[in-house]
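Descriptive analysis of the structure
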Amino acid sequence: MSDTISPWVQRYAPLVPGGEVLDLACGKGRHARHMVTLGHAVLALDGNPEALLEAAGPGITTTPIDLEEPGAVWPFGPGRFAGIVVTNYLHRPLMADMLASLAPNGVLIYETFAEGNAQFGKPSNPDFLLQPGELLALAAEHGLRVVAYEDGVTQVPKPAMVQRLCAVKPGFPRSAALLPPL
């Protein structure tokens, strides 16, 4: 796993309003550290306690929770997070509760593998691959406004089929969606 910040996360992270950010399935904390540099307190969540040791740092609270274990429930209440960042992770049973945890003006930045990734290697299990348009449908179902979306092949950090989404809750002012230059 690369320590390099995802260009997608780097591009849209400045849209996150002031407040706490959740880095879900944070791994070693590359995005948590980036969000701290933007002035956010970050809750870094991962099921791997060893990875969390590397993710820990000033402004970052780490929490070892395996949200995929039997009986696991989403541990956060509604409207808590100004932003949620998810990369290279998909666990569909969490989606509705995760999105409910976004503040009324919150920002979701999501990037993970999509159907067709098997041609490039792992993950290849359909349980861990987004279906065509799945992130768009998720945003629509939960009343999010899509700021940006991509679905296709990336070469960086390695060839993969991905979907990427930046979406905002209804309270996010349209005038605050200042898109960075391409």
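For the structure, check the block above.
Notes on the structure follow. (Residues numbered from 1 in each chain as written. Predicted model: local features only at pLDDT ≥ 70, side-chain atom pairs only at ≥ 80, totals over all residues. Heavy atoms only, no water.)

1. As for the side chain of T112
Rules: The secondary structure listing takes helices from DSSP runs of H or I that are at least 4 residues long and strands from runs of E that are at least 2 residues long, numbered from the N terminus. Here a polar contact means two N or O atoms within 3.5 Å. Within protein one must be a hydrogen donor candidate and the other an acceptor candidate, and residues neighboring in sequence count only if both atoms are side-chain atoms.
Tracing the sequence through the fold places T112 in strand β5 (residues 102-113). Within the local environment of T112, its side chain forms a polar contact with the backbone nitrogen of Y89, the two atoms lying 3.0 Å apart.

2. Examining the environment of F113
How we decide: A contact between two residues is defined here by any heavy atoms of the two lying within 4.5 Å.
Mapped onto the elements of the fold, F113 is located in strand β5. C-alpha of F113 to C-alpha of L15: the two residues are 98 residues apart in sequence and 23 Å apart in space. Residues in contact with F113, not counting those within four places in the same chain, are N88, P123, F128, L129, L130, A160, M161 and V162.

3. Examining the pattern of salt bridges
Where side chains of opposite charge bring their charged atoms close, a pairing between them can arise. The condition is simple: Any carboxyl oxygen of Asp or Glu that lies within 4 Å of a side-chain nitrogen of Lys or Arg is treated as forming a salt bridge with it. Residue exposure (1.4 Å probe, protein chains only): buried if accessible area is under 20% of the type maximum, exposed if over 50%, otherwise partly exposed.
The final tally for this structure, using the stated rule, is four salt bridges. The partner of R92 in a salt bridge is E134, with the nearest N and O atoms 2.7 Å apart. In this pair, R92 sits in the loop between β4 (81-87) and α4 (95-100) while E134 sits in helix α5 (residues 134-141), placing the two residues 42 residues apart along the sequence. Here E111 and R164 are joined by a salt bridge, their closest N and O atoms 2.5 Å apart. Of this pair, E111 sits in strand β5 while R164 is found in strand β7 (residues 160-168), placing the two residues 53 residues apart along the sequence. Each of the two residues, E111 as well as R164, counts as buried.

4. A short note on α5
Convention followed: Picture the helix axis, draw a direction to every C-beta atom, and the arc is the one those directions span.
Taken together, the buried positions of α5 are occupied by E134, L135, L138 and A139. Axial view of α5: buried residues confined to an arc of 135 degrees, hence all on one face. The outward face of α5, more than 90 degrees from its buried face, is lined by the exposed residues A140 and E141. Among the structural elements, α4, β5, β6 (145-154) and β7 are those in contact with the buried residues of α5. Positive phi shows up at G143, right after α5, with a value of about 70 degrees.

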